Amino acid sequence: MKNLVLSISLLLGIAVCSMAQIGKGRVMVSGSSNMSVLFGSTKWVYDGKETNSNSTSGFSLTPQVSYFFTNNLAVGAAFNLEHQNSDDTDGTSFFIGPVARYYFAGEKIKPFGEAMIGFGSADWGNKYNVFGLNLNAGASYFFNDHFALDAALGYHHRGFTDSDDSKRKQKDNNFGLMVSFTVLF
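About the cut-offs
- Residues numbered from 1 in each chain as written.
- Predicted model: local features only at pLDDT ≥ 70, side-chain atom pairs only at ≥ 80, totals over all residues.
- Heavy atoms only, no water.
- Helix = DSSP H or I, 4+ residues; strand = E, 2+ residues; numbered from the N terminus.
- Buried < 20%, exposed > 50% of the residue type's maximum accessible area, 1.4 Å probe, protein only.
- Contact = heavy atoms within 4.5 Å.
- Areas by Shrake-Rupley, 256 points an atom, 1.4 Å probe, with all protein chains shown as cover.
- Pairing = 2+ DSSP bridges.
- Polar contact = N/O pair within 3.5 Å; in protein donor to acceptor, adjacent residues only side chain to side chain.
- Core = buried A, V, L, I, M, F, W, Y, C linked by side-chain atoms within 4.5 Å.

(A) The overall build of the protein chain, seen in detail. What the protein chain contains, in helices and strands, is one helix and 10 strands. The order of α-helices and β-strands along the protein chain, N terminus first, is α-β-β-β-β-β-β-β-β-β-β. Put simply, the protein chain has 185 residues, and 36% of those count as buried. Considering only contacts in the protein chain between residues 6 or more positions apart, those separated by 24 or more positions represent 60%. Of the roughly 9700 Å² of accessible surface on the protein chain, 67% is carried by carbon and sulfur atoms.

Below is the structure:
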């Protein structure tokens, strides 16, 4: 416990003494603390006809690793793990895919836009193939050159297709608040 307190104190001391630079050649890692709280709707579709619609809530974790190919633009890969509850069922999905984040001007607070698409699978009682799209807009508060706290509002779309019956589909549209920690190397 003493080592943890000492480590946190050391990190906070470093944070006070430096400013953030996000230039070409850096690597950005958003830790597993990236969590979104989602609220939206689910539509069940069979053979093109809506069969049911209800509200959903849930959470998602999205760790990612990106590389700054140019100043302020990071491109990389992200893994999304999501659990949702709806009126009649709940389930877990995951997908992996490319992610891009662009930072706008700023010193300690830098606004950003971010997009991710991905493919994966889900279990909602049946097995599903998943297509996912995340669009986020927010800002990062840079404690120093290496650590930032991110907050963003986002839109998350999920398209689910039943693995055994391609006519059975589910579409989720959610809005949420994302909070994450970012480390830059």
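Next, the rest of the story.
(B) Representation of the pairing of strand S9 (residues 147–162) within the structure. Of the strand pairs in this sheet, strand S8 (residues 127–142) and S9 are connected by 15 bridges, and their pairing is antiparallel. From the neighbouring strand, Tyr 128 faces S9, where its bridge partner is Asp 162. Counted between consecutive antiparallel strands, the loop separating S8 from S9 contains four residues. Alignment of S9 against strand S10 (residues 168–184), held across 15 bridges, turns out to be antiparallel. Opposite Gly 159, over in S10, you have Lys 171 as the bridge partner. Linking two consecutive strands that pair antiparallel, namely S9 and S10, is a turn of five residues.

(C) Structural detail: the environment of Phe 59. Along the polypeptide, Phe 59 turns up in strand S3 (residues 49–61). On the accessibility criterion, Phe 59 (37% relative accessible area) is partly exposed. Along the primary structure Phe 59 and His 83 are separated by 24 residues, whereas in three dimensions their C-alpha atoms are 5.7 Å apart.

(D) Representation of the side chain of Asp 150 in the model. Structurally, Asp 150 can be placed in strand S9. A polar atom in the side chain of Asp 150 sits 2.4 Å from the side chain of Thr 182.

(E) Just the environment of Thr 42, in detail. Locating Thr 42 in the fold gives a position in strand S2 (residues 35–46). Given a relative accessible area of 0%, Thr 42 falls into the buried group.

(F) The arrangement of the nonpolar core in detail. By size, the foremost hydrophobic cluster in this structure holds 11 residues: Ile 22, Met 28, Phe 68, Ala 74, Tyr 103, Phe 112, Phe 142, Ala 148, Ala 152, Met 178 and Leu 184. Of all elements in the fold, only S9 and S10 reach the threshold of two or more residues within this core. What Met 28 contacts, discounting residues up to four positions off in sequence, is Gln 64, Val 65, Ser 66, Phe 68, Ala 74, Arg 101, Tyr 103, Thr 182, Val 183 and Leu 184. Counting residues in each nonpolar core, the second largest holds 10 residues, with Ala 78, Phe 95, Tyr 128 and Phe 160 among its members.

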